[in-house]
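Chain residues, written in single-letter form:
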Amino acid sequence: ITANTNFTISQVATTGGNVLSITGGITCSNYDMTISGAGNIVVGNTISGLNNFTISGSGTTTLAVSLSIAGTLTVSTTITNSGTIQDIGSTSSFPSSTVNGIFKFTTTTTIPALTYANLTLSNATTYNAANGISLTGTLTISNASGILDMAGYTLTPGASTTNNGTIKFSGASNGLAITTGTVEYYGSGQTVAAGTYSTLNINQSSGTATLDSGTTI
């Protein structure tokens, strides 16, 4: 599919459970795409050039692709991601259920407040949390100069965290002990969370940092 305007793909539900499969890829030049309807859609090839991408209706959309979005990804139905979705906008939104697959951020530096299965931050830059971030799988900061700044928001880790860079906290008590990489506390009058750290930086703007019991560095 090659599009030179905004467009909608609507799949009608069938009693036989048929699925609309798009195997040849979707290409557009900074336009918006909407997937709607009650049927199920599988996109199994490249999606490129999208601005805003909206998935609505009551069917299930399966993405088995590498997808880069210039604008915002908005999901109000079920999405199954077995590929990599990259650089969604900071105002992107999903249902409360976990979004599967890998979400990777390179050029986008504000991380939407969502529940991710796997989240990868790959550039030598500072990524700022828009609000609390939750994971069920793996958080990966792959670049040694990469920084995830949670500010005063909550980070809820999943199964594992691979931190090759720095994770920063400025809230009074929102910090976490992370066993890889560097953890930095840079707020005022913070409590340093108990647990095991690889490298711990206390760089408070003011006040006294209180080390919780059971802390190992």
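This text goes with the structure placed above it.
Report on the accompanying structure.

Reading guide: rules and limits
- Residues numbered from 1 in each chain as written.
- Predicted model: local features only at pLDDT ≥ 70, side-chain atom pairs only at ≥ 80, totals over all residues.
- Heavy atoms only, no water.
- Helix = DSSP H or I, 4+ residues; strand = E, 2+ residues; numbered from the N terminus.
- Contact = heavy atoms within 4.5 Å.
- Core = buried A, V, L, I, M, F, W, Y, C linked by side-chain atoms within 4.5 Å.
- Buried < 20%, exposed > 50% of the residue type's maximum accessible area, 1.4 Å probe, protein only.
- Pairing = 2+ DSSP bridges.
- Phe/Tyr/Trp six-rings, centres within 6.5 Å; stacked < 30°, edge-to-face > 60°.
- Lys NZ or Arg CZ within 6 Å of the ring centre and 35° of its normal.
- Polar contact = N/O pair within 3.5 Å; in protein donor to acceptor, adjacent residues only side chain to side chain.

**Let's talk about the overall build of the protein**
Helix and strand counts for the protein come out as zero helices and 27 strands. Taking the contacts inside the protein whose residues are at least 6 apart along the sequence as the reference set, 10% of them involve residues at least 24 apart.

**Looking at the nonpolar core**
Grouped together as the largest cluster of nonpolar side chains are 45 residues, with contacts concentrated most on Phe-53, Leu-73 and Leu-119. Residue contacts for Leu-73: discarding those within four places in its chain leaves Phe-53, Ile-55, Ile-85, Ile-88, Ser-92, Ser-93, Phe-94 and Phe-103.

**As for unusual backbone geometry**
Glycine aside, a negative phi is what most residues show, and trans is what most peptide bonds show. Located in the positive-phi region is Ala-151, a residue other than glycine, with phi close to 50°. Position of Ala-151 relative to the elements: it lies in the loop between β18 (147-149) and β19 (155-156).

**A look at the environment of Gly-101**
Mapped onto the elements of the fold, Gly-101 is located in strand β12 (residues 99-105). Each C-alpha atom of the pair Gly-101 and Ser-82 lies 4.8 Å from the other, and the pair is 19 residues apart in sequence. Ignoring anything within four residues of it in the chain, the contact list for Gly-101 reads Asn-81, Gly-83, Ala-117 and Asn-118.

**Notes on the sheet that holds strand β13 (residues 110-111)**
Spatially, six strands are ordered β13-β15-β18-β21-β22-β25 in an open sheet, and the strand pairing comes out parallel. Each end of this open sheet is capped by a strand with a single partner; those strands are β13 and β25 (199-202). Taken together, the two bridges between β13 and strand β15 (residues 126-129) define a ladder with parallel strand orientation. Among the inter-strand pairings, Thr-110 is bridged to a residue of β15, identified as Asn-128.

**Brief notes about the pairing of strand β17 (residues 138-141)**
One face of the sheet, then the other: side chains in a regular strand alternate in exactly this way. Judged from the three bridges that link them, strand β14 (residues 115-121) and β17 form a sheet pairing that is parallel. Residue pairing across strands places Leu-119 opposite Leu-139, the latter belonging to β17. Summarising the sheet, β17 and strand β20 (residues 160-163) pair through four bridges and their orientation is parallel. Residue pairing across strands places Leu-139 opposite Thr-161, the latter belonging to β20.

**What to know about the packing of aromatic side chains**
Across all of its chains, the model carries four aromatic pairs by this definition. Of the aromatic side chains, those joined through ring pairs into one cluster are Phe-103, Phe-105 and Tyr-116. Over the face of the ring belonging to Tyr-186 we find Lys-168, whose NZ or CZ atom lies 4.7 Å from the ring centre.

**Some words on the environment of Thr-199**
Within the fold, Thr-199 resides in strand β25. Between the alpha carbons of Thr-199 and Ala-177 there is a distance of 9.8 Å; along the sequence they are 22 residues apart. Here Thr-199 is in contact with Gly-181, Thr-182 and Val-183, once residues within four sequence places are set aside.

**Remarks on the environment of Pro-112**
Within the element layout of this structure, Pro-112 appears in the loop between β13 and β14. Assessed through its relative accessible area of 0%, Pro-112 is described here as buried. Sequence spacing of Pro-112 and Ser-92 is 20 residues, and the spatial spacing of their C-alpha atoms is 6.3 Å. With residues up to four places along the chain from it excluded, the contact list for Pro-112 reads Ile-88, Gly-89, Ser-90, Ser-92, Phe-105, Ala-130 and Ile-133.

**What about the side chain of Thr-72?**
Secondary-structure assignment places Thr-72 in the loop between β8 (66-69) and β9 (73-75). A polar side-chain atom of Thr-72 sits 3.3 Å from a polar atom in the side chain of Thr-91. Not counting residues up to four positions away in its chain, the partners in contact with Thr-72 are Asn-51, Asn-52, Phe-53, Gly-89, Thr-91 and Ser-92.

Any link to function would need more than the numbers given here.
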